[in-house]
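Chain and residue survey
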Amino acid sequence: QKEVEQDPGPLSVPEGAIVSLNCTYSNSAFQYFMWYRQYSRKGPELLMYTYSSGNKEDGRFTAQVDKSSKYISLFIRDSQPSDSATYLCAMPDISNFGNEKLTFGTGTRLTIIP
Amino acid sequence: DTAVSQTPKYLVTQMGNDKSIKCEQNLGHDTMYWYKQDSKKFLKIMFSYNNKELIINETVPNRFSPKSPDKAHLNLHINSLELGDSAVYFCASSQAWASGGSYNEQFFGPGTRLTVL
């Protein structure tokens, strides 16, 4: 079983819809939870991150963490065609200074249909 | 201004060959990484260096040898290439995690698409 599981999709929704992307994880030591966005043929870029449980909002994006269930979500409101990309959840191992490797989910490929 | 750059962008080669990928960052970061992304988009850490010192080696075959001549550069040399090495290789960099501090973002390069025939 992978440390971080993510539904690979693909997921296609019409423009303007609310999108929900999810990950589950098994390592209780994870404290930071990231969402990266990767456009086709590009490197991943950090979209947003949260620390511990709770919600964080940034424009049309909301990240949600439920540590008790080891479940994280990314919601996209009023989705736009420019949101079409692969979304990867990731968690860093911060137990060792200088060894902050990121463990990624498999990524969900999202297409917003105009 | 490119933050993390990689060369080459594409690499097509025959099985058994030896090849190198170069990475440079101009962000002044202390830590650099190599990740491998397979055809299913799964991104996995291979190595990390902190100030030219190897920190992480994630059970990568010893045909892969990273080298960090200085903290702004991290190169990856691959010997005796195999079909299974075909993937996109990403370099990334970040500031070292400050004790008790907030998360330091990893910045990724554009990737090197390696195809082994």
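An account of the accompanying structure is given in this report. (Residues numbered from 1 in each chain as written. Chains lettered and ligands numbered in written order. Predicted model: local features only at pLDDT ≥ 70, side-chain atom pairs only at ≥ 80, totals over all residues. Heavy atoms only, no water.)

Focus: the overall build of chain A
- From N to C terminus, chain A includes zero helices and eleven strands.
- Relative to the compact-globule value of 13 Å for 114 residues, chain A shows a C-alpha radius of gyration of 14 Å, a close match.
- For chain A, with 114 residues in total, the buried portion stands at 46%.
- A separation of at least 24 residues holds for 54% of the contacts in chain A among residues at least 6 apart in sequence.
- Taken as a whole, chain A presents about 5300 Å² of accessible surface, with 47% of it coming from carbon and sulfur. (Helix = DSSP H or I, 4+ residues; strand = E, 2+ residues; numbered from the N terminus. Rg over C-alpha atoms; globule rule 2.2 N^0.38 Å. Buried < 20%, exposed > 50% of the residue type's maximum accessible area, 1.4 Å probe, protein only. Contact = heavy atoms within 4.5 Å. Areas by Shrake-Rupley, 256 points an atom, 1.4 Å probe, with all protein chains shown as cover.)

Brief notes about the sheet that holds strand β1 (residues 4–6) of chain A
All names here are of chain A.
- Strand order across the open sheet formed by five strands is β1-β3-β8-β7-β6, with antiparallel pairing between neighbours. What marks the edges here is a single partner per strand, and that holds for β1 and β6 (54–58). Each strand axis lies, on average, 15° off the axis of its neighbour in the sheet, ignoring direction.
- Two strands pair when backbone bridges link them, and strand β7 (residues 61–66) and strand β8 (residues 71–76) are joined in this way by six bridges, in the antiparallel orientation. Residue pairing in the sheet places A63 in a bridge with L74 of β8. (Pairing = 2+ DSSP bridges. Axes fitted to C-alpha atoms, helices over the stretch in contact; angles between N-to-C directions.)

Section: the nonpolar core
- Among the nonpolar cores identified, the biggest contains 23 residues, and A:W35, A:I72, A:L74 and A:Y87 are the most heavily contacted of them.
- Mapped by element, the contributors of at least two residues to this core are β3 (19–25), β4 (32–38), β5 (45–51), β7, β8, β9 (85–92) and β11 (108–113) of chain A.
- Grouped together as the second largest cluster of nonpolar side chains are 20 residues, B:C23, B:M46, B:Y49 and B:L114 included. (Core = buried A, V, L, I, M, F, W, Y, C linked by side-chain atoms within 4.5 Å.)

Structural notes on the side chain of B:T13
- Here B:T13 shows up in strand β2 (residues 10–13).
- A distance of 2.9 Å separates the side chain of B:T13 from the side chain of B:N17, its partner in a polar contact. (Polar contact = N/O pair within 3.5 Å; in protein donor to acceptor, adjacent residues only side chain to side chain.)

Some thoughts on the state of the cysteines
Residues and elements named next belong to chain A.
- Applying the stated criterion across every chain yields a total of two disulfides over all chains.
- Note on cysteine connectivity: C23 is disulfide-linked to C89, with sulfurs 1.9 Å apart. When the S-S torsion is -100°, as for the bridge of C23 with C89, the disulfide is left-handed. Here C23 is found in strand β3, whereas its partner C89 is found in strand β9, with 66 residues between them in sequence. Take C23 and C89: they sit in the same class, and that class is buried. (Disulfide = S-S within 2.5 Å.)

As for the interface of chain B and chain A
- Each side of the interface is counted separately: chain B has 27 residues, and chain A has 24 residues.
- Taking both partners together, chain B and chain A bury about 2200 Å²; carbon and sulfur atoms supply 58% of that area.
- At the boundary of chain B with chain A, the tally comes to one salt bridge.
- B:E58 is the partner of A:K101 in a salt bridge, and the nearest nitrogen-oxygen pair spans 3.2 Å.
- Tallied by class, the residues present in the side of chain B that touches chain A amount to 15 nonpolar, seven polar and five charged. (Buried area = accessible area lost by both parts, 1.4 Å probe. Salt bridge = Lys/Arg side-chain N within 4 Å of Asp/Glu carboxyl O. Nonpolar A, V, L, I, M, F, W, Y, C, P; charged D, E, K, R; others polar.)

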